[in-house]
Each structure stands twice: as C-alpha cells, then as structure tokens.
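Survey of secondary and tertiary structure
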Amino acid sequence: MQWLKLKLPFIYLICTATWATAWANLERDPNGYLTYCPCMGRFGNQADHFLGSLAFAKGLNRTLILPPWVEYRKGEMRSRQVPFNTYFDVEPLKDYHRVILMSDFMWHLADDVWPESERVSFCYMERKSLQQEKNDPDQPNCHAKDGNPFGPFWDTYNIDFVKSEFYGPLHFDVHHSTMATKWQSKYPAESWPVLAFTGAPASFPVQLENRELQKHMQWSAKYRDAARDFIRKVLPRGAFVGIHLRNGIDWVRACEHVKDSQHLFASPQCLGYKNERGALYPELCMQTKESIVRQLKRTIKNVRQTQPNNEIKSVFVASDANHMIGELNVALSRMGISVHRLPEDDPYLDLAILGQSNHFIGNCISSYSAFVKRERDSHGFPSYFWSFPKEKDRQQSKAHEEL
Ligand code: GFB
C-alpha cells in the first residue's frame with residue numbers, strides 16, 4: 001500500500017502525459033486533410049492506389065486519412081471495411097508523411113474540421129448514377145455513394161455528401177509538373193479543409209516513383225508474429241521458396257486480355273513502364289503446370305549451386321485457387337523438398353509469409369504478387385517471375401553467356 005502511495009503521483013504523471021500526447025497528435029492540421037474510397041479492386045489494387053495517394057497527400061502537404069481496406073466476402077451484398085491498422089502499422093508511415101486513421105479523424109476531428117453541412121465529394125467529372133431518376137442534367141453529381149463498395153464505405157463512418165466538385169483537368173502526378181501547386185491554389189486548405197475523393201487519387205498500377213514508399217508499409221504485430229510462427233513451426237529448418245500461383249477463374253478470364261494489350265495490371269513490374277524489357281505474352285499471365293514445375297526445380301538447383309550453405313528445404317505456396325500441392329510434392333520429393341500451404345485461406349498471412357521467404361517467384365501481371373515484390377525489394381530480398389524472361393529469350397541469353 002505504502003508502495004502504491006509513493007508511486008501514485010508518477011502513475012498520474014505518466015497517464016496525463018500519455019493522454020496529452022494522444023490528444024496533441026489529434027490537433028487539427030491547418031494544412032488540411034485528404035480522404036478517399038479505395039473503391040477499385042481487391043487488396044493488390046488498393047495497395048497500389050494507397051502508395052499513390054500517400055505521395056499525393058505529401059505533394060499537397062495535407063494529412064492523409066488512412067482508409068480502411070475494402071473487402072468482399074462470398075455471398076455478401078455489401079463490402080466490409082477493415083481498419084487500416086489491422087494489417088499495417090501506422091507509425092512507420094509517419095516517417096514519410098502525416099497520416100491519421102479514418103476512425104480517429106471521424107471520432108475526434110470531423111465535427112470541427114468537416115461539419116456535415118460541408119461534406120463535398122470530389123470526382124474528375126460527372127459520374128452518372130445507375131438509377132436513371134437520380135441523374136439531373138442541371139445538377140451533375142459525383143454520386144459518391146452509388147453502388148458497392150461506394151455506399152458501404154462512406155456509410156461505415158456515417159458520411160453523406162451535400163455537394164459534388166469536379167476537379168478535372170487537374171490530375172495526381174505530383175512528380176513531373178507543378179500539379180501540387182495547382183491543387184493548392186484551386187483548393188486552399190482554409191476554404192477546403194478536407195478533399196474527399198470518390199476513388200483513389202492515384203494511378204493503377206502504382207507510379208514508378210511511388211514504388212519505394214512500400215518500405216513504410218510494415219505488417220502489424222499480429223501478421224508479423226503469425227508469419228514468423230508459421231515459418232518456425234510448420235516449415236522445416238532451412239531456406240524456403242515462396243511461390244504465388246494466381247490461377248482462379250477470374251484470372252483465366254483476365255488473361256484473355258493479354259492479346260490486345262501492351263500492359264495488363266501490374267505487368268510494368270517486369271516488362272518496364274514503357275515495355276523496355278519486352279512485350280506482353282500469354283505465359284506471363286497463365287503458366288502451364290509443367291512450366292511451373294520446371295522453373296521451380298531450376299530455381300532450387302541454381303540456389304543449391306550458388307548458395308550451398310543455405311540449402312532450400314521447402315516450398316511455401318500461396319494461391320487464390322489451385323495450390324498444386326500434390327503435383328509439387330511428387331515433383332520435388334526426390335530433391336528432399338516438402339511443399340506447404342496455410343491450412344485456411346488468408347490472403348494477408350500468405351502475403352506476409354511470401355515477403356519473408358528466401359526466394360520468391362510471383363506472377364508479373366498480378367498486383368497481389370507486386371505487393372510482395374515491392375516489399376522484398378525494400379529489404380533487398382531476391383524475387384523472380386513465372387515465365388520471365390520468355391523461355392526463348394532466356395535460352396538465347398544463356399547461349400550468349402556461354403560463348
Ligand atoms: O489483390 P488483387 O487485386 O490482385 O486481387 P490481382 C486478387 C485477390 O485474390 C486478392 C485473392 O486480393 C486475394 O483476395 N488472392 C490472390 C489470393 N492470390 C492469392 C493468394 O495467393 N492467396 C490468397 N489467400 N488469396 C486482379 C486485379 O487481381 O484480378 C484486377 O488486379 C482484376 O482488378 C483481376 O480483378 C481479375 O492483380 O492478382
């Protein structure tokens with residue numbers, strides 16, 4: 001009891017300091033805020049957009065309101081919003097720029113900074129509503145809450161918009177022009193404290209200059225620990241190759257677009273943003289089982305030769321559909337290699353484990369693979385892509401090396 005009496009003033013001081021710090025961080029930013037709905041695509045797309053939005057917020061010197069991740073569950077009509085910090089820590093982002101969780105902003109600051117009567121949604125130009133009766137030719141509108149996930153996203157924080165603002169012809173590339181200054185002079189923070197975008201203020205795929213911001217996206221303790229536990233407890237001791245097999249039916253259909261495109265989704269990550277490393281070809285998108293086994297064996301053999309002290313003992317497979325566990329186990333058993341997957345589908349844990357593998361083979365077209373590649377690049381870990389370079393080109397360059 002005596003001990004507690006002595007310590008009480010200190011405990012009081014610590015509590016007050018912590019409380020004061022928490023509130024100090026939530027002071028109004030006079031430079032304004034930026035918020036948006038990650039309304040396009042699933043995680044890989046949203047992550048690309050997030051990096052661009054972060055760079056854009058910094059360019060405009062506004063605090064970025066961290067949106068929740070938008071998720072879609074089978075059989076559910078409305079998207080689910082998952083808080084940003086469920087998957088990623090907030091603090092490392094602050095090394096780059098000011099950010100605040102959307103729930104913190106709405107709970108502590110919105111009444112003051114963004115009263116209900118001043119909530120304006122931003123879109124490039126009029127967005128027509130799917131419900132014809134809502135489209136008034138005299139009053140063009142962003143219809144920011146029309147459809148899924150648009151409605152459910154803003155509903156999560158009870159946000160309604162009273163007006164629309166069309167920002168065209170401004171755009172989001174703050175790296176190559178005076179675009180940021182143009183935004184600032186058209187929408188100064190004093191009269192526009194919050195810019196709320198109907199979709200992400202960023203390009204897809206992620207702009208080359210923004211790729212390196214990935215280093216500020218660090219997994220939350222829950223995912224870091226779960227990935228470490230899986231690697232320690234389930235995989236055999238020794239190095240492992242992480243592979244991403246993107247082969248669900250949506251992917252099969254998406255790959256049909258290869259024939260009429262220069263780029264598809266994340267393809268600039270291997271082909272270059274200007275196709276400087278080649279044109280798109282079908283196998284880059286969808287590989288045969290035989291070519292997957294061939295490339296995996298080749299990679300393992302190469303590592304055995306070049307890094308005899310860190311021999312590969314297992315393969316970890318992440319997939320949206322067919323993990324090929326049976327085929328891979330049969331193909332690799334003679335090399336003494338076991339093949340593993342998570343017992344239950346978890347796209348985020350799959351990503352966190354792939355990020356930690358000794359070697360990674362991903363799908364160049366997939367933005368889900370692109371997330372892993374960027375994370376690994378930021379740590380200097382090696383990554384490769386399925387069927388890249390093209391088999392023919394690879395053979396030619398090998399022959400050239402041998403000459
Ligand atoms: O992330 P995402 O935009 O990547 O969408 P792509 C694919 C989603 O499929 C992921 C699941 O967010 C996951 O929910 N998924 C993919 C996986 N791979 C895995 C995996 O290895 N493990 C687990 N557990 N889940 C494109 C989109 O997807 O797909 C396009 O960019 C379009 O917008 C196209 O929808 C058909 O870039 O691969």
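Remember, predicted model here, so these are calculated numbers, not experimental data. (Residues numbered from 1 in each chain as written. Predicted model: local features only at pLDDT ≥ 70, side-chain atom pairs only at ≥ 80, totals over all residues. Heavy atoms only, no water.)

1. Quick look at the pairing of strand E1 (residues 33-36)
- Along E1, one buried face is formed by Tyr 33 and Thr 35 and the opposite face, lined by Leu 34 and Tyr 36, is buried too.
- Relative to strand E2 (residues 63-66), E1 is paired through two bridges, and the arrangement is parallel. When the sheet's bridge partners are listed, Leu 34 is paired in E2 with Leu 64.
- In this fold, the crossover linking E1 to E2 by way of helix H2 (residues 43-60) has right-handed handedness.
- In the sheet, E1 pairs with strand E8 (residues 194-197) via four bridges, with the strands oriented parallel. What sits directly across from Leu 34, in E8, is Leu 195. (Buried < 20%, exposed > 50% of the residue type's maximum accessible area, 1.4 Å probe, protein only. Helix = DSSP H or I, 4+ residues; strand = E, 2+ residues; numbered from the N terminus. Pairing = 2+ DSSP bridges. Right-handed = clockwise from strand over helix to strand, strands pointing away.)

2. Some points on helix H8 (residues 221-233)
- For H8, spanning 13 residues, the distance from its first C-alpha to its last is 17 Å, which sits close to the expected 18 Å at 1.5 Å a residue.
- Tyr 223, Ala 227 and Phe 230 are the residues of H8 that are buried. Down the axis of H8, the sector holding all buried residues measures 65°, keeping them to one side. In H8, the exposed residues that point more than 90 degrees away from the buried face are Lys 222, Arg 232 and Lys 233.
- Its buried side turned inward, H8 meets helix H3 (84-87), strand E10 (312-319) and helix H14 (347-356). (Expected span 1.5 Å × (residues − 1). Arc of directions from axis to C-beta. Contact = heavy atoms within 4.5 Å.)

3. A word on the state of the cysteines
- Applying the stated criterion across every chain yields a total of four disulfides.
- Here Cys 255 is linked by a disulfide to Cys 285, with a sulfur-sulfur distance of 2.0 Å. Judged by the sign of its S-S torsion, about -80°, the bond between Cys 255 and Cys 285 is left-handed. One end of the pair, Cys 255, is in helix H9 (residues 249-255); the other, Cys 285, is in helix H11 (residues 282-285), with 30 residues separating them in the sequence. Here Cys 255 and Cys 285 have matching classes, each one buried.
- Here Cys 270 connects covalently by a disulfide to Cys 364, the sulfurs 2.0 Å from one another. The sign of the -90° torsion about the S-S bond sets the Cys 270-Cys 364 disulfide as left-handed. Of this pair, Cys 270 sits in helix H10 (residues 268-271) while Cys 364 sits in the loop between strand E12 (359-362) and helix H15 (367-379); the two residues are 94 residues apart in sequence, bridging distant segments of the chain. Here Cys 270 and Cys 364 have matching classes, each one buried. (Disulfide = S-S within 2.5 Å.)

4. Some points on the sheet that holds E8
- Spatial ordering of the open sheet is given by E5-E2-E1-E8-E6-E7, a layout of six strands whose pairing is parallel. In this open sheet, the two edge strands, each paired with only one partner strand, are strand E5 (99-101) and strand E7 (163-166). Taken over all neighbouring pairs, the strand axes of this sheet differ in orientation by 30° on average, direction set aside.
- Contacts between helix H5 (residues 102-113) and the sheet are confined to E1, E2, E5 and E8, with E5 contributing the most and set at about 100° to the helix. (Axes fitted to C-alpha atoms, helices over the stretch in contact; angles between N-to-C directions.)

5. Focus: the nonpolar core
- Phe 50, Leu 64, Leu 66, Phe 88, Trp 183, Phe 197 and Trp 219 are the most contacted members of the largest nonpolar core, which has 58 residues in total.
- Top element by residues in this core is H2. It accounts for nine residues.
- Not counting chain neighbours up to four residues away, the residues in contact with Phe 50 comprise Tyr 36, Leu 64, Leu 66, Trp 69, Phe 84, Leu 93 and Met 217.
- Residues Leu 26, Val 70, Met 106 and Ala 144 belong to the second largest nonpolar core, which totals 23 residues. (Core = buried A, V, L, I, M, F, W, Y, C linked by side-chain atoms within 4.5 Å.)

6. Section: the pattern of salt bridges
- Summed over the entire model, instances satisfying the criterion amount to 23 salt bridges.
- Salt-bridge contacts for Arg 374 lead to Asp 48; the nearest nitrogen and oxygen are separated by 3.0 Å. In this pair, Arg 374 sits in helix H15 while Asp 48 sits in helix H2, placing the two residues 326 residues apart along the sequence.
- For Arg 374, a relative accessible area of 3% gives the class buried.
- The class for Asp 48 is buried, based on a relative accessible area of 1%.
- Asp 89 is the salt-bridge partner of Arg 224, the closest N and O atoms lying 3.2 Å from each other. (Salt bridge = Lys/Arg side-chain N within 4 Å of Asp/Glu carboxyl O.)

7. Observations regarding the packing of H2 against helix H7 (residues 179-186)
- Taken N-terminus to C-terminus, the directions of H2 and H7 make an angle of 65°; their axes are 9 Å apart at the nearest point. As H2 runs across H7, the sense of the crossing is right-handed. Between H2, through Phe 56, Gly 59 and Leu 60, and H7, the contact on the second element is made entirely by Ala 180, Trp 183 and Gln 184.
- Among the residues making up the contact of H2 with H7, the classes are represented as four nonpolar, two polar and no charged. (Left-handed = near helix turned anticlockwise from the far one by under 90°. Nonpolar A, V, L, I, M, F, W, Y, C, P; charged D, E, K, R; others polar.)

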